[in-house]
Amino acid sequence: HLILLPFMIIFMTVHFFLQNAQQFHSSKTYLGPRQWSPLALWQFREYNELPHIFDDRINRSLSAADTYLNSFHNQYLLILARCLTYICGAFMATLLLVSIISENALLYVHVGEHNLLWYLGIFSVGFAVSRSFIPDESKALEHRDVLVNTICSHTHYFPEKWINSPDST
């Protein structure tokens, strides 16, 4: 078994990334999904509530809570991400145009120590990462009051400081 262990580790790692690549690409979550803290779960739990009913109620609140948190954006990070997207996209378009004109140019033309194909990969990664920080403008966000009421209906927790301030986290 020890002889096959390195091959199994490599296989399991590649299998994990291939199996979850679509989810990583489409969900745009940063380092995993958000979840309620243990203190929040303790406050949301009702007296003598069965665990499976509590878990179901809390899981129903996660999508509304995630939508509510995604409605707040850091404007400085958004400006930086749009700038980086523009710059990386311009370099990518230029390199792709060079590859259309001369198909061997990406492999044999070197800038510094690396060929142009390496730079195309780096700019593609920069483009993808910066695009993940830009919110989707086509999605119409629900009004924050409705989202707070939806969250409160599932968690059964509505402190008084939330009544007049749905525009704060």
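The preceding data block contains the structure.
For clarity, every value in this text was computed on a predicted model and none was experimentally measured.

Rules used throughout
- Residues numbered from 1 in each chain as written.
- Predicted model: local features only at pLDDT ≥ 70, side-chain atom pairs only at ≥ 80, totals over all residues.
- Heavy atoms only, no water.
- Helix = DSSP H or I, 4+ residues; strand = E, 2+ residues; numbered from the N terminus.
- Buried < 20%, exposed > 50% of the residue type's maximum accessible area, 1.4 Å probe, protein only.
- Contact = heavy atoms within 4.5 Å.
- Areas by Shrake-Rupley, 256 points an atom, 1.4 Å probe, with all protein chains shown as cover.
- Expected span 1.5 Å × (residues − 1).
- Arc of directions from axis to C-beta.
- Salt bridge = Lys/Arg side-chain N within 4 Å of Asp/Glu carboxyl O.
- Axes fitted to C-alpha atoms, helices over the stretch in contact; angles between N-to-C directions.
- Parallel < 35°, antiparallel > 145°, perpendicular 65-115°, else oblique.
- Left-handed = near helix turned anticlockwise from the far one by under 90°.
- Nonpolar A, V, L, I, M, F, W, Y, C, P; charged D, E, K, R; others polar.
- Patch = residues over 30% accessible without salt bridge, like charges linked within 9 Å, V, L, I, M, F, W, Y side chains within 5 Å.
- Polar contact = N/O pair within 3.5 Å; in protein donor to acceptor, adjacent residues only side chain to side chain.

Caption draft 1: Representation of the overall build of the chain. A tally of regular secondary structure across the chain gives seven helices and two strands. Order of helices (α) and strands (β) in the chain, N terminus to C terminus: α-α-α-α-α-β-β-α-α. Sorting the 169 residues of the chain into buried and exposed places 22% on the buried side. The long-range fraction of contacts in the chain, counting pairs at least 24 apart against all pairs at least 6 apart in sequence, stands at 66%. Of the roughly 13,400 Å² of accessible surface on the chain, 65% is carried by carbon and sulfur atoms.

Caption draft 2: Looking closely at helix 7 (residues 144-155). Taking 1.5 Å of rise per residue, twelve residues should cover 16 Å, and helix 7 covers 16 Å from first to last C-alpha, within 8% of that figure. Restricting attention to buried positions, one finds in helix 7 the residues Leu147, Val148, Ile151, Cys152, His154 and Thr155. Down the axis of helix 7, the buried side of the element spans an arc of 165 degrees, and every buried residue falls inside it. Elements that come into contact with the buried residues of helix 7 comprise helix 2 (38-44) and helix 3 (51-70). Directly beyond the C-terminal end of helix 7, a positive phi value near 60 degrees is found at His156.

Caption draft 3: The arrangement of the pattern of salt bridges in detail. Scanning the model with the defined rule gives two salt bridges in all. The partner of Glu49 in a salt bridge is Arg57, and the shortest N-O contact between them spans 2.7 Å. Pair check on accessibility: Glu49 and Arg57 agree, each one buried. Residue Asp56 pairs with Arg60 through a salt bridge whose shortest N-O separation is 3.1 Å. Of this pair, Asp56 and Arg60 both sit in helix 3, four residues apart, which is roughly one turn of that helix.

Caption draft 4: Structural detail: the packing of helix 3 against helix 7. Relative to each other, helix 3 and helix 7 sit at 160 degrees, their axes nearing to 8 Å. Taken together, the axes of helix 3 and helix 7 are roughly antiparallel relative to one another. Crossing of helix 3 over helix 7 shows left-handed handedness. Counting all contacts with helix 3, which are made through Arg57, Ile58, Arg60, Ser61, Ala64, Ala65, Thr67 and Tyr68, the residues of helix 7 involved are Arg144, Leu147, Val148, Thr150, Ile151, His154 and Thr155. Taken together, the residues that form the contact of helix 3 with helix 7 break down as seven nonpolar, five polar and three charged.

Caption draft 5: A look at a nonpolar patch on the surface. Among the surface-exposed residues, Ile3, Leu4, Phe7, Met8, Phe11 and Met12 lie close enough to one another that they form a single nonpolar patch of about 710 Å² accessible area. By the secondary structure assignment, Phe7 is in helix 1 (residues 5-27). With relative accessibility at 58%, the residue Phe7 sits in the exposed group.

Caption draft 6: How the structure looks around unusual backbone geometry. Notably, Asn48 is not glycine yet its phi reads approximately 60 degrees, a positive angle. If you trace the backbone, Asn48 turns up in the loop between helix 2 and helix 3.

Caption draft 7: Focus on helix 4 (residues 75-101). For helix 4, which comprises 27 residues, the first-to-last C-alpha distance of 39 Å matches the rise-based estimate of 39 Å (1.5 Å per residue) to within 8%. When we look at burial in helix 4, the residues that qualify are Leu78, Ala81, Thr85, Cys88, Met92, Leu95 and Ser99. Looking at the buried residues of helix 4, the elements they touch are helix 5 (105-108) and helix 6 (116-132). Put simply, Asn74 is the residue that caps the front of helix 4, since its side-chain oxygen is 3.2 Å from the backbone nitrogen of Tyr76.

Caption draft 8: Geometry of the side chain of Glu49. Take Glu49: it is sitting in the loop between helix 2 and helix 3. A polar contact of 2.7 Å, which involves the side chain of Glu49, links it to the side chain of Arg57. When residues no more than four places from it in sequence are discounted, the contact partners of Glu49 are Phe54 and Arg57.

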